[in-house]
Amino acid sequence: MELKNEEYELLAKLSVIVSFETNDIITEAGKPGERALYFVRSGEIQVSDEEDGYVNIFRSGDHLGDKALGEENVICCQTIEVLEPTRCVMLTRENIKRVIGDMSRLGKSSRPISAKLDQRMKLDDLTENCVLGVGTYGVVSLAQHQKNECCI
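Nothing here was measured: the structure is a model prediction, and the numbers come from that model. (Residues numbered from 1 in each chain as written. Predicted model: local features only at pLDDT ≥ 70, side-chain atom pairs only at ≥ 80, totals over all residues. Heavy atoms only, no water.)

Q: Any details on the overall build of the protein? Residues and values, ideally.
A: When helices and strands are tallied, the protein shows three helices and eight strands. In the protein, the succession of helices and strands from N to C terminus is α-β-β-β-β-β-α-β-α-β-β. The burial tally for the protein puts 35% of its 152 residues in the buried class. Sequence separation of 24 or more characterises 69% of the internal contacts of the protein that already satisfy a separation of 6 or more. (Helix = DSSP H or I, 4+ residues; strand = E, 2+ residues; numbered from the N terminus. Buried < 20%, exposed > 50% of the residue type's maximum accessible area, 1.4 Å probe, protein only. Contact = heavy atoms within 4.5 Å.)

Here it is, written out as C-alpha coordinates:
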(Lines give C-alpha, C1' and ligand atoms only; values in the text may rest on other atoms or scores of the structure.)
Protein backbone atom coordinates (compact mmCIF):
# COMPACT_ATOMS: atom_id res chain seq x y z
CA MET A 1 0.00 0.00 0.00
CA GLU A 2 1.34 3.42 -0.96
CA LEU A 3 2.20 5.88 1.79
CA LYS A 4 0.16 9.06 1.97
CA ASN A 5 1.68 12.54 1.74
CA GLU A 6 0.73 13.16 5.38
CA GLU A 7 2.66 10.05 6.40
CA TYR A 8 5.78 11.24 4.54
CA GLU A 9 5.48 14.64 6.23
CA LEU A 10 5.14 13.09 9.69
CA LEU A 11 8.11 10.76 9.08
CA ALA A 12 10.19 13.79 8.08
CA LYS A 13 9.24 15.55 11.34
CA LEU A 14 10.17 12.47 13.39
CA SER A 15 13.59 12.06 11.78
CA VAL A 16 16.67 13.30 13.64
CA ILE A 17 20.17 14.32 12.56
CA VAL A 18 22.88 12.12 14.09
CA SER A 19 26.63 12.71 13.86
CA PHE A 20 29.37 10.12 13.94
CA GLU A 21 33.13 10.46 14.23
CA THR A 22 35.82 8.58 12.31
CA ASN A 23 36.10 4.92 13.45
CA ASP A 24 32.73 4.93 15.23
CA ILE A 25 30.99 1.56 14.94
CA ILE A 26 27.26 1.96 14.30
CA THR A 27 26.57 -1.78 14.36
CA GLU A 28 28.81 -4.81 14.77
CA ALA A 29 28.27 -8.21 13.18
CA GLY A 30 26.95 -10.76 15.67
CA LYS A 31 25.60 -8.17 18.11
CA PRO A 32 22.15 -6.59 18.55
CA GLY A 33 21.73 -3.65 16.20
CA GLU A 34 19.99 -0.32 16.11
CA ARG A 35 16.58 -0.67 14.51
CA ALA A 36 16.75 2.44 12.38
CA LEU A 37 17.03 3.67 8.84
CA TYR A 38 19.94 6.02 8.07
CA PHE A 39 20.15 8.50 5.18
CA VAL A 40 23.72 9.70 4.72
CA ARG A 41 23.93 13.49 4.40
CA SER A 42 27.73 13.87 4.49
CA GLY A 43 30.77 11.74 5.17
CA GLU A 44 31.48 8.07 4.47
CA ILE A 45 30.29 4.85 6.07
CA GLN A 46 31.62 1.38 5.30
CA VAL A 47 29.34 -1.65 5.50
CA SER A 48 31.16 -4.97 5.53
CA ASP A 49 29.70 -8.45 5.55
CA GLU A 50 32.21 -11.17 6.38
CA GLU A 51 29.72 -13.91 5.48
CA ASP A 52 29.17 -12.71 1.90
CA GLY A 53 32.61 -11.11 1.63
CA TYR A 54 31.46 -7.75 0.31
CA VAL A 55 32.13 -4.19 1.36
CA ASN A 56 30.13 -1.12 0.36
CA ILE A 57 30.97 2.51 0.93
CA PHE A 58 27.99 4.78 1.56
CA ARG A 59 28.16 8.51 0.89
CA SER A 60 25.79 11.46 0.67
CA GLY A 61 22.48 10.36 -0.83
CA ASP A 62 22.83 6.70 0.18
CA HIS A 63 20.73 4.94 2.81
CA LEU A 64 21.16 1.85 4.97
CA GLY A 65 19.51 -0.04 7.81
CA ASP A 66 16.34 -1.18 6.08
CA LYS A 67 16.87 -4.87 6.92
CA ALA A 68 16.66 -4.10 10.63
CA LEU A 69 13.27 -2.42 10.25
CA GLY A 70 11.26 -5.56 9.51
CA GLU A 71 12.60 -7.78 12.25
CA GLU A 72 11.70 -7.73 15.94
CA ASN A 73 15.00 -8.90 17.47
CA VAL A 74 17.88 -7.93 15.23
CA ILE A 75 21.32 -9.54 15.41
CA CYS A 76 23.48 -7.76 12.87
CA CYS A 77 25.19 -9.72 10.12
CA GLN A 78 27.17 -6.67 9.01
CA THR A 79 29.59 -4.26 10.61
CA ILE A 80 28.92 -0.60 9.92
CA GLU A 81 31.95 1.63 10.54
CA VAL A 82 32.37 5.37 10.02
CA LEU A 83 35.32 6.25 7.75
CA GLU A 84 35.20 10.02 8.21
CA PRO A 85 33.04 12.44 10.22
CA THR A 86 29.50 11.71 9.03
CA ARG A 87 26.04 13.18 9.44
CA CYS A 88 22.92 11.11 8.84
CA VAL A 89 19.20 11.58 9.05
CA MET A 90 17.93 8.73 11.23
CA LEU A 91 14.42 7.33 11.47
CA THR A 92 13.80 4.70 14.13
CA ARG A 93 11.65 1.63 13.61
CA GLU A 94 9.39 2.75 16.45
CA ASN A 95 8.69 6.10 14.78
CA ILE A 96 8.11 4.51 11.38
CA LYS A 97 5.74 1.98 12.95
CA ARG A 98 3.92 4.73 14.82
CA VAL A 99 3.23 6.54 11.54
CA ILE A 100 2.50 3.70 9.10
CA GLY A 101 1.28 0.95 11.45
CA ASP A 102 2.04 -2.35 9.74
CA MET A 103 5.75 -2.53 8.81
CA SER A 104 4.93 -4.80 5.86
CA ARG A 105 3.74 -1.66 4.05
CA LEU A 106 7.42 -0.92 3.41
CA GLY A 107 7.86 -4.03 1.28
CA LYS A 108 10.96 -6.24 1.25
CA SER A 109 14.46 -4.93 1.82
CA SER A 110 17.33 -5.62 -0.53
CA ARG A 111 21.10 -5.91 -0.14
CA PRO A 112 22.56 -2.44 0.50
CA ILE A 113 24.14 -0.98 -2.62
CA SER A 114 25.73 2.44 -2.56
CA ALA A 115 24.91 4.94 -5.27
CA LYS A 116 27.03 4.59 -8.39
CA LEU A 117 26.54 8.18 -9.46
CA ASP A 118 29.21 10.80 -9.80
CA GLN A 119 29.77 11.68 -6.14
CA ARG A 120 30.40 15.34 -7.07
CA MET A 121 26.72 15.76 -7.94
CA LYS A 122 24.73 17.60 -5.33
CA LEU A 123 21.02 17.21 -4.68
CA ASP A 124 20.60 20.93 -5.45
CA ASP A 125 22.00 20.27 -8.96
CA LEU A 126 19.05 18.02 -9.84
CA THR A 127 15.62 18.87 -11.16
CA GLU A 128 12.85 16.33 -10.51
CA ASN A 129 11.05 15.39 -13.73
CA CYS A 130 8.48 12.85 -12.53
CA VAL A 131 7.71 10.23 -9.91
CA LEU A 132 8.53 6.71 -11.11
CA GLY A 133 7.06 4.88 -8.14
CA VAL A 134 6.76 4.46 -4.42
CA GLY A 135 8.42 1.57 -2.62
CA THR A 136 10.38 0.39 0.38
CA TYR A 137 12.48 3.53 0.65
CA GLY A 138 9.89 6.09 -0.26
CA VAL A 139 9.39 7.94 -3.52
CA VAL A 140 11.58 7.15 -6.55
CA SER A 141 11.84 10.04 -8.98
CA LEU A 142 13.41 10.61 -12.36
CA ALA A 143 15.70 13.60 -12.06
CA GLN A 144 17.85 15.53 -14.51
CA HIS A 145 21.24 17.07 -13.77
CA GLN A 146 21.00 20.79 -14.55
CA LYS A 147 24.55 21.13 -15.91
CA ASN A 148 25.19 18.03 -18.00
CA GLU A 149 21.52 17.14 -18.62
CA CYS A 150 21.96 13.45 -17.79
CA CYS A 151 18.91 11.73 -16.30
CA ILE A 152 19.14 9.68 -13.11
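Q: Which residues make up helix 3 (residues 93-100), and what are the values?
A: Residue pairs spaced three or four apart in an α-helix point in one direction, given the helix's 3.6 residues per turn. Residues of helix 3 that are buried include every one of Arg93, Asn95, Ile96, Val99 and Ile100, and no others. Looking down the long axis of helix 3, one finds its buried residues gathered within 165° of arc, a one-sided arrangement. (Arc of directions from axis to C-beta.)

Q: Let's hear about the pairing of strand 6 (residues 79-92): which residues, and what values?
A: Of the pairings in the sheet, the one linking strand 1 (residues 16-20) to strand 6 comprises five bridges and is antiparallel in character. What sits directly across from Val18, in strand 6, is Cys88. With two bridges joining them, strand 2 (residues 25-27) and strand 6 adopt antiparallel strand pairing. Opposite Ile25, over in strand 6, you have Glu81 as the bridge partner. Direction of pairing for strand 3 (residues 36-49) relative to strand 6: antiparallel, over a ladder of 11 bridges. (Pairing = 2+ DSSP bridges.)

Q: An account of the pairing of strand 3 is needed here, citing residue identities and associated values.
A: Note that strand 3 and strand 5 (residues 63-64) share two bridges and pair antiparallel. By the bridge assignment for strand 5, Tyr38 is matched with Leu64.

Q: Before we move on, can you summarise unusual backbone geometry with the specific residues and values?
A: Despite not being glycine, Asn23 has its phi angle at roughly 75°, a positive value. Assignment of secondary structure puts Asn23 in the loop between strand 1 and strand 2.

Q: Describe in detail the confidence of the model for the protein, supporting the description with residues and values.
A: Chain-level pLDDT for the protein is 78 on average; 70% of the residues reach the 70-or-more range. Taken element by element, the predicted model of the protein shows its lowest mean pLDDT in helix 2 (residues 66-69) (69) and its highest in strand 1 (95). (pLDDT = per-residue confidence, 0-100.)

Q: Can you tell me about the nonpolar core, naming the residues and giving the values?
A: In terms of nonpolar packing, the biggest core is built from 14 residues, with Phe20, Ile26, Tyr38, Ile45, Leu64 and Cys88 touching the most fellow members. Mapped onto this core, the elements with two or more residues apiece are strand 1, strand 3 and strand 6. The element that contributes the greatest number of residues to this core is strand 3, accounting for five residues. Apart from residues no more than four positions distant in its own chain, Cys88 is found in contact with Val16, Ile17, Val18, Phe20, Tyr38, Phe39, Val40, Arg41 and Ile45. Judged by nonpolar contacts, the second largest core, of seven residues, contains Ile96, Val99, Ile100 and Met103. (Core = buried A, V, L, I, M, F, W, Y, C linked by side-chain atoms within 4.5 Å.)

Q: Describe the environment of Gln78, and please don't skip the residues or the numbers.
A: In this fold, Gln78 is placed in the loop between helix 2 and strand 6. Linking Gln78 and Asp49, residues 29 residues apart in sequence, is a C-alpha distance of 4.6 Å.

Q: Mind laying out a nonpolar patch on the surface, listing which residues take part and the relevant values?
A: Together, Val131, Val134 and Val139 make up an exposed nonpolar region whose accessible area comes to about 220 Å². With respect to the helices, strands and loops of the structure, Val131 is situated in strand 7 (residues 126-135). (Patch = residues over 30% accessible without salt bridge, like charges linked within 9 Å, V, L, I, M, F, W, Y side chains within 5 Å. Areas by Shrake-Rupley, 256 points an atom, 1.4 Å probe, with all protein chains shown as cover. Salt bridge = Lys/Arg side-chain N within 4 Å of Asp/Glu carboxyl O.)

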